[in-house]
Amino acid sequence: MIEHIVLIKFSPETTIEQKEELIKKTLLLKEVIPGIIDIQQGLNFSTRSKGFDVGLTVRFKDRASLENYAPHPAHQKVVSYLKEIGVEDNIVVDFEI
C-alpha cells in the first residue's frame, strides 16, 4: 500500500470558500480514480504549518495506482482548479506502508 501526502500553500488572495471547494472536488476523486483506498483532505489549523493551508492524504493499493492517479483527467481538473485559485507551493511525500 502507498501513502501519498501533500501539503498546499495558497496565495493570500485565496478565499476560505475556494479552499473548501477544493476539498469537495478532491474528495470526489475516490469515486472516479481506480486504486484509491482512502482519501482525506482538510484545512490546516496548526500554528506550526509554515504557511501551508491544506493537507491531503491519499492511500493507494499499490504504486501502479499512484502512477495512474497523476495523469488521470479527474485529478488534472483538480490541479487546474488549484492553479486557478492561487496555489503558491506544495510538498509531496510518498511512501510504502
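Everything discussed here concerns the structure shown above.
What you are looking at is a predicted structure, and each value in this text was computed from that prediction instead of being measured.

Procedures and definitions
- Within any chain, residue numbers begin from 1 and follow the written order of that chain's sequence.
- Local features are withheld for residues below a pLDDT of 70 in this predicted model, meaning they are given only at 70 or higher, and side-chain atom pairs are given and counted only at 80 or more; totals for whole chains, interfaces and linings count all residues.
- No hydrogens and no water enter the side-chain calculation; it runs on all heavy atoms of the structure.
- Centres within 6.5 Å make a pair out of two Phe, Tyr or Trp rings, where for Trp the six-membered ring is used; the pair is then stacked when the planes are under 30 degrees apart, edge-to-face when over 60, and tilted otherwise.
- Here the term buried applies to any residue with accessible area under 20% of the maximum for its type, exposed to any over 50%, and partly exposed to those in between, with areas from a 1.4 Å probe on protein chains only.
- Note on geometry: a ring has a charge over it if NZ (lysine) or CZ (arginine) is within 6 Å of the ring centre and within 35 degrees of the ring normal.
- For patch building, the residue pool is restricted to those with more than 30% relative accessible area and no salt bridge; the joining distance is 9 Å between like charges and 5 Å between nonpolar side chains (Val, Leu, Ile, Met, Phe, Trp, Tyr).
- Method for areas: the Shrake-Rupley scheme with a 1.4 Å probe, in which residue coverage is limited to the protein chains shown.
- A carboxyl oxygen of Asp or Glu within 4 Å of a side-chain nitrogen of Lys or Arg is what we treat as a salt bridge.
- Runs of E in the DSSP output that reach at least two residues are strands. Runs of H or I that reach at least four are helices, and both are numbered from the N terminus.
- Here the rule is simple: two strands pair whenever DSSP picks up at least two bridges between them.
- All axes are obtained by fitting lines to C-alpha atoms, using only the stretch in contact for helices, and the reported angles, taken between N-to-C directions, cover 0 to 180 degrees.
- Residues count as neighbours in contact if any of their non-hydrogen atoms are within 4.5 Å of one another.

## Section: the packing of aromatic side chains
Aromatic ring pairs are described here by two measures, namely the spacing of the ring centres and the angle between the planes.
Inference 1: Scanning all chains against the criterion turns up one aromatic pair.
Inference 2: With centroids separated by 5.0 Å and ring planes inclined at 65°, the aromatic side chains of Phe60 and Tyr69 adopt a geometry described as edge-to-face. Take Phe60 and Tyr69: they sit in the same class, and that class is buried.
Inference 3: Its end group placed over the ring of Phe52, Lys9 keeps NZ or CZ at 4.6 Å from the ring centre.
Inference 4: Between Lys25 and the ring centre of Tyr81, over which it is positioned, the NZ or CZ distance is 5.0 Å.

## Section: a nonpolar patch on the surface
Inference 1: Residues Met1, Leu7, Ile37, Ile91, Val93, Phe95 and Ile97 make up a contiguous nonpolar surface patch of roughly 560 Å² in combined accessible area.
Inference 2: Looking at the nonpolar patch, the element that brings in the most residues is strand S4 (residues 87–96), giving three residues.
Inference 3: Assignment of secondary structure puts Val93 in strand S4.

## Side note on the sheet that holds strand S3 (residues 54–60)
Inference 1: A sheet is described by the order of its strands in space; here four strands give the open sequence S2-S3-S1-S4, paired in antiparallel fashion. Lying at the two open borders of the sheet, with one neighbouring strand each, are strand S2 (36–43) and S4. Taken over all neighbouring pairs, the strand axes of this sheet differ in orientation by 10° on average, direction set aside.
Inference 2: The pairing of S2 with S3 spans seven bridges and is classified as antiparallel. In the sheet register, Asp38 faces S3, and the bridge partner there is Arg59.
Inference 3: Contacts from helix H1 (residues 16–27) reach strand S1 (2–10), S2 and S3, with the element oriented near 175° to S2.

## Let's talk about the pattern of salt bridges
Inference 1: This model, assessed by the stated rule, comprises four salt bridges.
Inference 2: Of the charged contacts, one joins Lys19 and Asp53 as a salt bridge, the two residues approaching to 3.5 Å between their closest N and O atoms. Linking Lys19 in helix H1 with Asp53 in the loop between S2 and S3, this pair joins segments that are 34 residues apart in sequence.
Inference 3: Across the salt bridge formed by Glu21 and Lys25, the nearest N and O atoms sit 3.7 Å from each other. Of the two residues, Glu21 and Lys25 both sit in helix H1, four residues apart, roughly one turn of that helix.

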